[in-house]
Amino acid sequence: MQAVFDGHNDVLLRLWSNAKNGADPVHEFVNGTGEGHIDGPRAKRGGLAGGLSAIYIPSDHLVLKTPDANGHYNTPLSEPLQRQPSLDIALEFTAIALRLDRAGAWKLCRSVTDIRTAMAQGVFAAVLHMEGCEAIGADLAALETFHAAGLRSLGPVWSRHNVFGHGVPFAFPMGPDTGPGLTDAGFDLVRECNRLGILVDLAHITEKGFWDVAKTTDQPLIASHSNAHSLTTVARNLTDRQLDAIRDSKGLVGLNYATTMLRPDGQENARTPLSDMVRHIDYMVERMGIDCVALGSDFDGATIPEEIGDAAGNQSLIVALRAAGYGDTDLTKLCRENWLRVLAQAWHEAA
Ligand SMILES: [Zn+2]
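Residues numbered from 1 in each chain as written. Predicted model: local features only at pLDDT ≥ 70, side-chain atom pairs only at ≥ 80, totals over all residues. Heavy atoms only, no water.

**Some words on the packing of helix α5 (residues 112-121) against helix α13 (residues 328-346)**
1) Next: Orientation of α5 relative to α13, taken along the N-to-C sense of each, is 150 degrees, at an axis distance of 9 Å. The pairing of α5 with α13 is recorded here as roughly antiparallel in orientation. In this structure, α5 uses Val-112, Ile-115, Arg-116 and Met-119 to contact α13, whose residues at the interface are Arg-336, Glu-337, Leu-340, Leu-343 and Ala-344. (Axes fitted to C-alpha atoms, helices over the stretch in contact; angles between N-to-C directions. Helix = DSSP H or I, 4+ residues; strand = E, 2+ residues; numbered from the N terminus. Parallel < 35°, antiparallel > 145°, perpendicular 65-115°, else oblique. Contact = heavy atoms within 4.5 Å.)

Right, here's the structure in full:
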């Protein structure tokens with residue numbers, strides 16, 4: 001079994017939603033409910049040793065557009081969110097992450113040393129990520145506070161606009177150049193992340209925003225849960241030019257398990273073969289090298305291939321990659337070491 005450190009999950013969203021209805025997040029994570037994709041027992045069965053867990057402010061009325069007769073769809077961007085309710089929700093997500101840590105249900109990791117220690121102890125190594133920074137004002141004052149609470153990674157935008165920049169819609173077929181780049185506050189945010197040691201994630205941002213981050217940041221370029229646009233032409237996937245820039249910065253792309261981002265037809269369909277996942281890995285490894293590709297499942301955030309099903313089935317992908325010719329050295333990089341290398345760099349930590 002290859003221990004996996006994964007670039008993106010939405011388990012906090014599920015725990016937060018259920019907590020609204022009275023459920024106990026610690027109990028749910030420790031004992032598992034069979035619902036969604038990740039809890040402690042299923043993560044352990046599938047060798048999912050840890051990953052970036054997102055604070056995500058839900059867009060209430062987002063409904064993916066049904067594909068037309070040609071299989072095309074273009075879901076309009078969600079409306080921008082107000083800061084104040086977003087901040088309340090982000091604090092609630094953070095509180096759940098801290099409660100899980102206090103209870104020993106998972107370890108909220110603030111360094112790569114923390115991650116390696118938790119993995120050695122068999123405790124889920126969680127890293128707090130913010131997917132869209134609606135909870136942070138343009139003055140960035142809240143960023144220092146979230147960093148102190150454990151935030152170590154953020155994407156300036158989700159697939160909507162905010163004071164920092166612009167996101168891409170869920171659309172097929174479409175390229176990622178769908179709108180403007182970073183705002184002035186967005187540039188400030190990137191520089192402040194560099195100063196504090198917070199990873200800047202390029203998933204969900206427009207292509208112009210991608211290049212704005214690239215020319216500003218002192219970190220490797222990271223797309224935590226994205227795939228190759230050449231194979232699946234959804235707006236969320238990365239063009240070859242973007243992949244080349246990520247390679248040149250010695251960054252990485254985490255493979256997103258969302259079927260919409262894996263299948264050549266861009267459709268949401270759990271009956272998606274593992275070979276579609278291997279094809280994206282092969283393509284990105286060919287383009288960027290084995291050091292720049294990793295995993296970013298989107299567990300609890302997307303429809304994923306049924307052969308994986310949930311975190312317990314995570315090793316099915318590793319088995320498929322092994323069958324496709326990846327040896328232990330390659331798999332170790334894909335499964336965790338590439339992530340740990342770029343995190344150490346973004347966090348100003350000796351690897
Ligand atoms: Zn996402």
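**A few points about the packing of helix α12 (residues 315-323) against α13**
1) Next: Put simply, α12 and α13 touch, their axes get as near as 11 Å, and they point 145 degrees apart. The two elements α12 and α13 cross, and the hand of that crossing is right-handed. Along its contact with α12, which presents Ile-318, Leu-321 and Arg-322, the element α13 presents Asp-328, Leu-331, Leu-334 and Cys-335.
2) Next: The class makeup of the residues in the contact of α12 with α13 is 5 nonpolar, no polar and 2 charged. (Left-handed = near helix turned anticlockwise from the far one by under 90°. Nonpolar A, V, L, I, M, F, W, Y, C, P; charged D, E, K, R; others polar.)

**With respect to the sheet that holds strand β10 (residues 252-255)**
1) Next: Strands sit in the order β9-β10-β11 across an open sheet of 3 strands; the sheet is parallel. This sheet does not close on itself; its edge strands, each paired only once, are β9 (222-223) and β11 (293-295).
2) Next: Strand direction decides the pairing type here: β10 and β11, joined by 3 bridges, are parallel. In the sheet register, Val-253 faces β11, and the bridge partner there is Val-293.
3) Next: Against the sheet, α13 engages β9, β10 and β11, with an angle of about 105 degrees to β11. (Pairing = 2+ DSSP bridges.)

**Examining the pattern of salt bridges**
1) Next: As enumerated under the stated definition, the model contains 22 salt bridges in all.
2) Next: Among the ionic pairs, Arg-14 bridges to Asp-300, the shortest N-O distance being 2.7 Å. Of the two residues, Arg-14 sits in helix α1 (residues 11-20) while Asp-300 sits in the loop between β11 and α12, which places them 286 residues apart along the sequence.
3) Next: The class for Asp-300 is buried, based on a relative accessible area of 14%. (Salt bridge = Lys/Arg side-chain N within 4 Å of Asp/Glu carboxyl O. Buried < 20%, exposed > 50% of the residue type's maximum accessible area, 1.4 Å probe, protein only.)

**A closer look at the pairing of strand β1 (residues 4-9)**
1) Next: Within β1, 6 of the 6 residues are buried, which leaves the element mostly enclosed by the surrounding structure.
2) Next: Where β1 lies against strand β2 (residues 48-55), 4 bridges are found, and the strand directions are parallel. Residue pairing for β2: Val-4 is matched across the bridge by Leu-48.

**Some thoughts on the nonpolar core**
1) Next: The biggest cluster of nonpolar side chains holds 88 residues, and the ones touching the most others in it are Trp-106 and Met-130.
2) Next: With residues near it in sequence (within four places) discarded, Trp-106 still touches Val-11, Leu-12, Phe-29, Ser-53, Ala-97, Leu-100, Asp-101, Val-123, Phe-124 and Ala-126.
3) Next: Core analysis: the next-biggest nonpolar cluster, separate from the first, contains 19 residues, Leu-52, Ala-125, Leu-252 and Ala-344 among them. (Core = buried A, V, L, I, M, F, W, Y, C linked by side-chain atoms within 4.5 Å.)

Function cannot be inferred from these measures alone, as they are strictly geometric.
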